[in-house]
Amino acid sequence: MIYPKRIVFDGSKRLQELNLSNIGKDTSTYIISIVQIRMKEDGGFENITQPDSGQYFADKYLRIFPHKVVLAPKETQVVKVQCINAEQIPTGEYRSHLYFKAVGQSNKPLGDEDASKDKDTNDITVSITPVFGITIPAIIRIGESTAQVSLSDVSLKMESDSLPILKMKFSRSGNMSVYGDVTVTYISPLEEETQVALAKGVAVYTPNTSRWFQLYLDKKIKYTKGKIHINYSTQDGVKLSEADILLQ
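The rules behind the values
Residues numbered from 1 in each chain as written. Predicted model: local features only at pLDDT ≥ 70, side-chain atom pairs only at ≥ 80, totals over all residues. Heavy atoms only, no water. Helix = DSSP H or I, 4+ residues; strand = E, 2+ residues; numbered from the N terminus. Buried < 20%, exposed > 50% of the residue type's maximum accessible area, 1.4 Å probe, protein only. Polar contact = N/O pair within 3.5 Å; in protein donor to acceptor, adjacent residues only side chain to side chain. Contact = heavy atoms within 4.5 Å. Pairing = 2+ DSSP bridges. 1 Å grid on protein atoms, 1.4 Å probe; cavity = no way out; pocket = protein on both sides within 12 Å on 5 of 7 lines; lining within 4 Å. Points joined across faces, edges and corners; volume = space filled by probe spheres on them. Nonpolar A, V, L, I, M, F, W, Y, C, P; charged D, E, K, R; others polar. Salt bridge = Lys/Arg side-chain N within 4 Å of Asp/Glu carboxyl O.

Visitor: Looking at this model, I keep getting lost on the side chain of serine 233. Mind explaining?
Guide: By the secondary structure assignment, serine 233 is in strand β16 (residues 226–233). Residue class for serine 233 comes out buried when judged on its relative accessible area of 9%. At 2.8 Å, the side chain of serine 233 and the side chain of asparagine 231 are in polar contact. Among all residues touching serine 233, those that are not within four sequence positions of it are Gly180, Asp181, Val238, Lys239 and Leu240.

Visitor: Would you mind going over unusual backbone geometry with me for this structure?
Guide: Comment: phi is negative for the bulk of residues other than glycine, and the bulk of peptide bonds are trans. The linkage connecting tyrosine 3 with the following residue, proline 4, adopts the cis geometry, with an omega of -5°. If you check the backbone angles, lysine 74 has positive phi at about 70° while not being a glycine. Summarising the element assignment, lysine 74 is placed in the loop between β7 (68–71) and β8 (76–83). At glutamate 191, a position not held by glycine, the phi torsion is positive, near 70°.

Visitor: What should I look at first to understand the sheet that holds strand β1 (residues 2–3) in this one?
Guide: Hydrogen bonds between backbone groups are what pair the strands of a sheet, and the pairing can be parallel or antiparallel. A sheet is described by the order of its strands in space; here 4 strands give the open sequence β1-β3-β8-β6, paired in antiparallel fashion. The sheet terminates laterally at β1 and β6 (62–65), the two strands that pair on one side only. In terms of strand pairing, strand β3 (residues 15–21) meets β8 through 7 bridges, oriented antiparallel. Its bridge partner being in β8, glutamate 17 is matched across the sheet by lysine 80.

Visitor: How do you make sense of the pairing of β7 when you look at a structure like this?
Guide: It is a general feature of regular strands that their side chains alternate between the two faces of the sheet. Only one face of β7 is covered, namely the one carrying Val69 and Leu71; the face carrying Lys68 and Val70 has none of its residues buried. Where strand β4 (residues 28–39) meets β7, 4 bridges bridge the pair, whose relative direction is antiparallel. Bridging from a neighbouring strand, serine 28 pairs with leucine 71 of β7.

Visitor: Just checking my understanding: could you explain the layout of surface pockets for this structure?
Guide: Vacant regions in the atomic arrangement are exposed by a probe of water-molecule size rolled over the atoms. Approximately 450 Å³ is the volume attributed to the largest pocket. Around the largest pocket sit 16 residues that line it, and Arg6, Asp10, Arg141, Tyr179 and Thr234 are the ones nearest its centre. Of the residues assigned to the lining of the largest pocket, the class counts are 7 nonpolar, 5 polar and 4 charged.

Visitor: So what exactly am I meant to see when it comes to the pattern of salt bridges here?
Guide: Opposite charge on two side chains makes pairing possible when the charged atoms of those side chains draw close. For the structure on display, the rule yields 5 salt bridges. The partner of glutamate 93 in a salt bridge is arginine 141, with the nearest N and O atoms 2.9 Å apart. One end of the pair, glutamate 93, is in strand β9 (residues 92–104); the other, arginine 141, is in strand β10 (residues 132–142), and 48 residues separate them in sequence. A single burial state applies to glutamate 93 and to arginine 141, both of which are buried. Here aspartate 218 and lysine 220 are joined by a salt bridge, their closest N and O atoms 3.2 Å apart. The exposure class of lysine 220 is exposed, given its relative accessible area of 70%. Linked through salt bridges whose partners overlap, the residues forming this network are Arg38, Glu46 and Asp52.

Right under this line is the structure:
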């Protein structure tokens with residue numbers, strides 16, 4: 001478990017801390033590195049080595065310590081991330097992602113042999129151990145933000161199993177990314193309001209100008225009359241955009 005889920009350097013603060021916790025049952029080693037990621041229009045991610053047009057990597061302005069952490073079960077370690085040479089960074093937004101890779105520790109002493117293996121055969125056994133990892137964005141913002149976002153192409157559809165699904169398009173402009181929570185409220189003909197969905201941490205990263213997004217709504221509501229209100233706001237409560245669907 002990692003907290004917070006993203007770090008942003010956008011002021012005079014040049015050092016941030018992350019809490020890395022081992023919530024598993026075994027001692028684990030965590031290797032921390034920096035990777036570059038592209039956001040696709042459907043909200044998915046893919047690793048890249050070269051920036052897209054209008055995309056700027058933050059890796060050369062970041063310093064991480066430590067790079068390797070060994071944690072016993074339920075143990076927590078603070079990982080520090082420093083923004084360096086900030087005075088040399090041109091105006092704009094720079095983004096890279098911190099990659100935390102967990103490598104499990106073996107409980108078997110080195111040199112031990114598997115007693116169940118028949119030494120008189122030529123059988124080969126293969127042991128596959130999954131390696132888990134998670135990435136979080138590390139963003140540096142220099143200068144004033146001109147980012148704006150709007151919601152469009154909003155539609156409500158029912159899937160085959162009668163699950164209502166809301167689809168929408170985010171359109172971003174300006175020099176920086178946008179990030180916030182999507183709150184969906186159903187408003188009945190009598191003006192009674194019911195929150196029917198919440199999606200936290202929805203981003204449109206530079207250089208993307210659009211992103212398609214969808215989420216399921218509370219299926220206990222009959223969406224035949226009234227309206228649906230979508231509010232996209234920062235986690236501090238600042239409204240970024242909103243949209244409505246009239247139900248008939």
